[in-house]
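Chain by chain, the residues:
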Protein chains: 2
Amino acid sequence: MIWFTEHWTENVGLTVKANEVKRIKSKYQEILVLDTPEFGKMLVLDGLVQTTERDEFIYHEMLAHPAMVMHSNPERVLVIGGGDGGTVREILKHKSVKEVHLCEIDEEVIIVSEKYFPSISEKLRDPKVKIFIEDGNSFLEERKDYYDVIIMDSSDPVGASEVLFKKEFYEKVKSSLRKNGIMVAQTESPILQEKYFSRAFGEIRKVFRNVGVYLAYVPTYPSGMWSFTIASDFVDVKDTSVNREKVKELKTKYFCDSIYACLFALPQFVQEILKKS
Amino acid sequence: MIWFTEHWTENVGLTVKANEVKRIKSKYQEILVLDTPEFGKMLVLDGLVQTTERDEFIYHEMLAHPAMVMHSNPERVLVIGGGDGGTVREILKHKSVKEVHLCEIDEEVIIVSEKYFPSISEKLRDPKVKIFIEDGNSFLEERKDYYDVIIMDSSDPVGASEVLFKKEFYEKVKSSLRKNGIMVAQTESPILQEKYFSRAFGEIRKVFRNVGVYLAYVPTYPSGMWSFTIASDFVDVKDTSVNREKVKELKTKYFCDSIYACLFALPQFVQEILKKS
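Residues numbered from 1 in each chain as written. Chains lettered and ligands numbered in written order. Predicted model: local features only at pLDDT ≥ 70, side-chain atom pairs only at ≥ 80, totals over all residues. Heavy atoms only, no water.

1. Some points on the sheet that holds strand S8 (residues 129-133) of chain B
Residues and elements named next belong to chain B.
For step 1, the next point in the chain: The strand order across the open sheet formed by 7 strands is S8-S7-S6-S9-S10-S12-S11, and the pairing between neighbours is mixed. Of all the strands in the sheet, the pair left with one neighbour each is S8 and strand S11 (210-217). Adjacent strand axes in the sheet meet at a mean angle of 15° when their direction is disregarded.
For step 2, the next point in the chain: In terms of strand pairing, strand S6 (residues 76-81) meets strand S7 (residues 99-104) through 5 bridges, oriented parallel. For Val 77, the partnering residue across the bridge sits in S7 and is Val 100.
For step 3, the next point in the chain: Here helix H6 (residues 167-176) sits on the sheet and contacts S6, strand S9 (147-153) and strand S10 (177-186); the angle it forms with S10, its principal contact strand, is near 140°. (Pairing = 2+ DSSP bridges. Helix = DSSP H or I, 4+ residues; strand = E, 2+ residues; numbered from the N terminus. Axes fitted to C-alpha atoms, helices over the stretch in contact; angles between N-to-C directions. Contact = heavy atoms within 4.5 Å.)

2. A look at the side chain of His65(B)
Residue and element names in this part refer to chain B.
For step 1, the next point in the chain: Within the fold, His 65 resides in helix H1 (residues 56-70).
For step 2, the next point in the chain: Look at His 65 and you get buried, because its relative accessible area is 0%.
For step 3, the next point in the chain: A polar contact of 2.8 Å, which involves the side chain of His 65, links it to the side chain of His 94.
For step 4, the next point in the chain: Excluding residues that lie within four positions of it along the chain, His 65 makes contacts with Glu 90, Lys 93, His 94, Leu 250, Thr 252 and Phe 255. (Buried < 20%, exposed > 50% of the residue type's maximum accessible area, 1.4 Å probe, protein only. Polar contact = N/O pair within 3.5 Å; in protein donor to acceptor, adjacent residues only side chain to side chain.)

3. What about the UniProt feature "active site" (unreviewed entry) in chain A?
All names here are of chain A.
For step 1, the next point in the chain: Here the UniProt-annotated "active site" (unreviewed entry) positions come out as Asp 153.
For step 2, the next point in the chain: Within the element layout of this structure, Asp 153 appears in strand S9 (residues 147-153).
For step 3, the next point in the chain: Each residue touching Asp 153, except ones within four places of it in the same chain, is listed here: Tyr 59, His 60, Leu 63, Val 79, Ile 80, Gly 81, Gly 82 and Thr 87. (UniProt positions renumbered as here; feature names shortened; annotations may be inferred.)

4. Brief notes about the interface of chain B and chain A
For step 1, the next point in the chain: Between chain B and chain A, the contact holds 42 residues from the first and 42 residues from the second.
For step 2, the next point in the chain: Summed over both sides, the interface of chain B with chain A buries roughly 3300 Å², with 65% coming from carbon and sulfur.
For step 3, the next point in the chain: Considering only the side of chain B, the residues that lose the most area to chain A are Asn11(B), Glu38(B) and Tyr217(B), jointly responsible for 21% of the buried surface there.
For step 4, the next point in the chain: Counting only elements with at least two residues in the side of chain B that touches chain A, the list comes to strand S1 (2-9), strand S2 (12-25), H1, S11, helix H9 (257-261) and helix H10 (268-276) of chain B.
For step 5, the next point in the chain: Of the strand pairs in this sheet, strand S2 (residues 12-25) of chain A and S2(B) are connected by 5 bridges, and their pairing is antiparallel. Its bridge partner lying in S2(B), Leu14(A) is registered against Leu14(B). (Buried area = accessible area lost by both parts, 1.4 Å probe.)

5. Some details on unusual backbone geometry
All names here are of chain B.
For step 1, the next point in the chain: The phi dihedral of Asp 46 is positive, around 45°, even though this residue is not glycine.
For step 2, the next point in the chain: Looking at the secondary structure, you find Asp 46 in the loop between strand S4 (40-45) and strand S5 (48-52).
For step 3, the next point in the chain: Even without a glycine there, the phi angle at Glu 188 is positive, about 70°.
For step 4, the next point in the chain: Relative to the assigned elements, Glu 188 resides in the loop between S10 and helix H7 (194-207).

6. As for the sheet that holds strand S11 (residues 210-217) of chain A
Residues and elements named next belong to chain A.
For step 1, the next point in the chain: Pairing within the open sheet is mixed, and its 7 strands lie in the order S8-S7-S6-S9-S10-S12-S11. At either margin of the open sheet sits one strand with a lone partner, and together these are strand S8 (129-133) and S11. Across the sheet, the mean angle from the axis of one strand to that of its neighbour is 15°, orientation sign disregarded.
For step 2, the next point in the chain: Sitting on the sheet, helix H1 (residues 56-70) is in contact with strand S6 (76-81), S9, strand S10 (177-186), S11 and strand S12 (225-232), with an inclination near 160° to S9.
For step 3, the next point in the chain: Contacts between helix H7 (residues 194-207) and the sheet are confined to S10, S11 and S12, with S11 contributing the most and set at about 150° to the helix.

Below, the structure is given as structure tokens:
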């Protein structure tokens, strides 16, 4: 056993006992699979924890379900990033869904996930799912006015994912959405990555009329407080009084009726960051 | 600079860059003061992070304010533990308060806090505050039917604090409360200390008629998801529609109207733990 440490910043990190299972250098990044007594198998990209068997449900449920519930009838859904398949699995819990496109730049992530994370990737071969090994940015240009929900399941805004946190990108997302379309993105930790969090929110707000930020507890992500930004031009994404009956039909472990009802209850200091953004 | 690691469990920990400022062995525990670039000064008892200058406001506000707000007129308040003074500071933001008793077993914690954490301990010498260097358990026996709010600001349920997590102790707390009295306790992490969390809730529920559990994001505590259990015989502690106007008068950085309104919105898996407790 080794101790694997993810440095959240220069000055703080999470350290986890682990056995190394697999290490590959793909065209884009170093992919590491660890087996940890605390969190089960853990997927690490370029030194950053992406998901673990034990707590992945939190991130994936909270990324997928709010937007899927708020849209009254999501049929076509796009996931950008998310090669591990956890977000796709959650999307398919919604019966209205007819097709899910997964646009992942790094095929190796999918291959590794299918081999080492079967409980996360289990729905990637569902007949409703189509996988595109492409850059999210150029993928969107070819699909205008097509999706009901677009989910940005990207890694941190450095390297390949940096463009996914810019206004120009959110404009492409917007033009790929149908009229009542909703987008949602993971937008980092308000505590340890305030700059990225604040910038992502600021850029998204320049593009969409209605924008909301919500949080979830993700123990293996920096600070444990993770943010998501949801946006739409025609749907009031901050109104969680709608479609409540859809929540009760979902089989989930974190997201539930009370979490949905209180989605936008933010600590004072997070509200202040948003005001300044 | 060294890297200080708190092992949250055998298999996972938080690691922080730090300079050692002070290390003392008191009668009860080892008290360590670190200076960290990420969190400012950090107080560590027997290897466990108790508070840091940067994030202490979250824990102290969320421990103190819900009970203080729910009680319609809290005049006499007791803190058991909490020698750093952060909880006392928050209590004194409520104008109805006439006296605050702090019952801390280890005087050295108070001395260290007054020397190294002035922003946390600043109200310990307020004329309304009286400090007792005593064991919480025997202290309560001498004060029946006295307090409006009792706050358990204890360390983890090992060593000196273990008795503070038992039914017999909560019975003493109850008999020291006045009729509309409310108690609240920190009750560990539902993710990494499920056993303690579940047991504390189970024991409190045996003693009080109304019991509620709420959470807050504390980045330097195990898993970042921290729980608090609030209880009362005569106040419906789960009704956050009361005394909302008191929240708006408070100067706080985490606790606020929307956090209060949504205090009891729990993730599904936390609800399941409580059902089984």
